[in-house]
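Read off the chains here:
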Amino acid sequence: MTPHLTASAPADTHTAWWQDAVIYQVYPRSFADADGDGMGDLEGVRSRLPYLRDLGVDAVWLSPFYASPQADAGYDVADYRAIDPMFGTLHDADALIRDAHALGLRIIVDLVPNHSSDQHEWFKRALKEGPGSALRARYHFRPGRGENGELPPNDWESIFGGPAWTRTSGPDGEWYLHLFAPEQPDFNWEHPAVADEFRSILRFWLDMGVDGFRVDVAHGLVKAAGLPDIGGADQLKLLGNDVMPFFDQDGVHEIYRSWRRILAEYPGERIAVAEAWTPSADRTALYVRPDELHQAFNFQYLGAPWDAEALREVIDDSLAAMLPVGAPATWVLSNHDVTRHATRFANPSGLGTQLRTPGDRALGLRRARAATLLMLALPGSAYIYQGEELGLPDVTDLPDEVRQDPSFFRAEGQDGFRDGCRVPIPWTVDGSSYGFGSGGSWLPQPADWGKLSVEAQEGDSSSTLELYRSALAVRRTHPGLGRGTAVQWLEAPEGVLAFARDGFVCTVNLTADAVRMPVRGDVLLASGEVVRDGSEFELPGDTTVWWTM
Ligand code: NOJ
């Protein structure tokens, strides 16, 4: 590959904490269970904050803990200002935020504005009040098509499979829109009461002291006028690749401009990060213009195969797309919706993000470690999903009867196997649910979970946990990491990526075979064994090395 500067970088002007932050995603159900009911909770998270401080992350993003019937693991919110009793109380949330701050950690909470739960007060009243009522106008209710209104109002499909409409059982027989499960009716964001309510919810949590929001389905809030048919297009294939009348509509940006003004009123650089699935990095960049949100997840990067050309292209595209809007690029390999990357990379590439096969686990782990060092060497902000620092694989053999992912139960759903990345994480070698809690775990843990536990890995310099700790420690002390907006590609053999940034070089061998390369300086950190031989070194297959120049 030829040397090439990704983009001409302006002087490093960054000051704000979030521009190069490493943000750790806690999935509260599966992190730590303090009350022994088999389900993680806020007290559990609080008890493990010192672990996260020692890991070296800057902020913690918590997936939803609000009052919810849990039809979609809390992404169906019944009360945006209350904690679900299974997770604790508002008092627990307050204590968690305070303790985190005392440890120098920031807290980001999940905000779910596209839809509520069907048990939300507004929706329950809307059902009762009937067609034409003020409450129905806050959602998308429509009469059906066909002679007796027996057909859905349009041809949209739910992301979880099946029609995106459910008919009410009342005599009027209206239908309501839900882009996800029927228990998750979509709000009508054209209605001023919806916008007002969310501005108030933002303030509620900002007043509680949170440092930011992860915005669920940020691309979905506004639907095209008239809710037009998509005309039989294969919606699931087009999602994220094409503009659909329910996603990535230009109207969403006005909402985020109003949120940015609220965030800016609060001290301490409060932020919002968009979960926005758009057709391109350029469309994603629109969500992070200077007067909108601060970051957007980089799903193009998450979906990239373990392949040098593909990764270099997505890195270049991501950096180039963010440059004009001045937002940091972000990098992510795993989250609660996709197969963990240790398992994705254990399988032949190109299989997508929902896998049911364990693949070659040793290979997957080796690549996952290398992928993490690559990610953490890139300029911008990086997201870590709980358990990836232990090298956890996806649990691909969960029996059907324990599965809870709502899309598993809806035919032809896109993401039916998300439970595999949500299995409670192991803290200890033995004991009830490997230290997750005293009362078992809501999804069964594999028999080898103890070997992967924090206890088993702590202090073992060859462990994945210690690799993450070292990487994050280096990132904190080495100015060349995280900051800036560009990488300088260096010449490298086929299948190898090499780039320089600010007195620092990262070399990644994405092939299975070792390659010989000139020594770059001193090894700072490596995901595998590196053998030096005079002025050359041997970079093993599927390995990343960080060098100081
Ligand atoms: C994205 C969330 O990450 C996912 O878990 C959820 O099912 C959907 N949004 C719907 O809220």
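See the structure printed just above.
Residues numbered from 1 in each chain as written. Predicted model: local features only at pLDDT ≥ 70, side-chain atom pairs only at ≥ 80, totals over all residues. Heavy atoms only, no water.

Q: How would you summarise the sheet that holds strand β6 (residues 106–111) if you had to cite specific residues and measurements?
A: Spatially, 8 strands are ordered β12-β11-β10-β6-β3-β2-β14-β13 in an open sheet, and the strand pairing comes out parallel. The sheet terminates laterally at β12 (295–296) and β13 (330–332), the two strands that pair on one side only. Contacting β2 (22–26), β13 and β14 (381–385), helix α12 (residues 361–377) runs over the sheet at an angle of about 150° to β14. (Pairing = 2+ DSSP bridges. Helix = DSSP H or I, 4+ residues; strand = E, 2+ residues; numbered from the N terminus. Contact = heavy atoms within 4.5 Å. Axes fitted to C-alpha atoms, helices over the stretch in contact; angles between N-to-C directions.)

Q: Before we move on, can you summarise helix α10 (residues 308–322) with the specific residues and values?
A: Compared with the 21 Å implied by 1.5 Å per residue over 15 residues, the 21 Å span of α10 between its first and last C-alpha is a close match. One side-chain oxygen at the N-terminal end of α10 lies 3.3 Å from the backbone nitrogen of E309; it belongs to D307. (Expected span 1.5 Å × (residues − 1). Polar contact = N/O pair within 3.5 Å; in protein donor to acceptor, adjacent residues only side chain to side chain.)

Q: Explain the site of the ligand residue by residue, including any values.
A: Close contacts around the ligand come from 14 residues, with D72, D216, H336, D337 and R418 the closest. Separating an oxygen atom of the ligand from a side-chain N or O atom of R214 is a distance of 3.0 Å. R418 places a side-chain nitrogen or oxygen 3.0 Å from an oxygen atom of the ligand. Surface burial for the ligand is 97%, taken as the share of its 300 Å² of free accessible area covered by protein chains. Across the shell around the ligand, the residue classes break down as 4 nonpolar, 3 polar and 7 charged. (Near = heavy atom within 4 Å. Areas by Shrake-Rupley, 256 points an atom, 1.4 Å probe, with all protein chains shown as cover. Nonpolar A, V, L, I, M, F, W, Y, C, P; charged D, E, K, R; others polar.)

Q: Residue-level account of the nonpolar core, with values.
A: Grouped burial of nonpolar side chains is what soluble globular proteins tend to show. One finds L52, W205, Y256, Y301 and W546 to be the most contacted residues of the largest nonpolar core, which totals 144 residues. Element by element, the count of residues in this core is highest for helix α5 (residues 192–208), at 8 residues. The residues that make up this core include at least three from each of domain 1 (4–116 + 191–224 + 237–469) and domain 2 (121–177). In this structure, F160, V217, I230 and L239 belong to the second largest nonpolar core, which totals 17 residues. (Core = buried A, V, L, I, M, F, W, Y, C linked by side-chain atoms within 4.5 Å. Buried < 20%, exposed > 50% of the residue type's maximum accessible area, 1.4 Å probe, protein only. Domains from an automatic or database assignment.)

Q: Before we move on, can you summarise the packing of aromatic side chains with the specific residues and values?
A: By the definition in use, this model includes 34 aromatic pairs. Between Y80 and F198 the ring centres are 5.1 Å apart and the planes differ by 75°, which places this aromatic pair in the edge-to-face class. On the criterion of sequence distance, the pair formed by Y80 in strand β5 (residues 79–83) and F198 in helix α5 is long-range, its members being 118 residues apart. Take Y80 and F198: they sit in the same class, and that class is buried. Between the aromatic rings of F537 and W547, the centroid separation amounts to 4.5 Å while the plane-to-plane angle is 65°, which identifies the pairing as edge-to-face. You can see F537 sitting in strand β21 (residues 536–539) and its partner W547 sitting in strand β22 (residues 543–548), a full 10 residues away along the chain. Residues F537 and W547 agree in their burial class; the two are buried. For R138, the ring lying beneath its charged end belongs to W122, and the centroid distance is 4.3 Å. Note that R344 overlies the ring of F345, its terminal NZ or CZ placed 5.6 Å from the centroid. (Phe/Tyr/Trp six-rings, centres within 6.5 Å; stacked < 30°, edge-to-face > 60°. Lys NZ or Arg CZ within 6 Å of the ring centre and 35° of its normal.)

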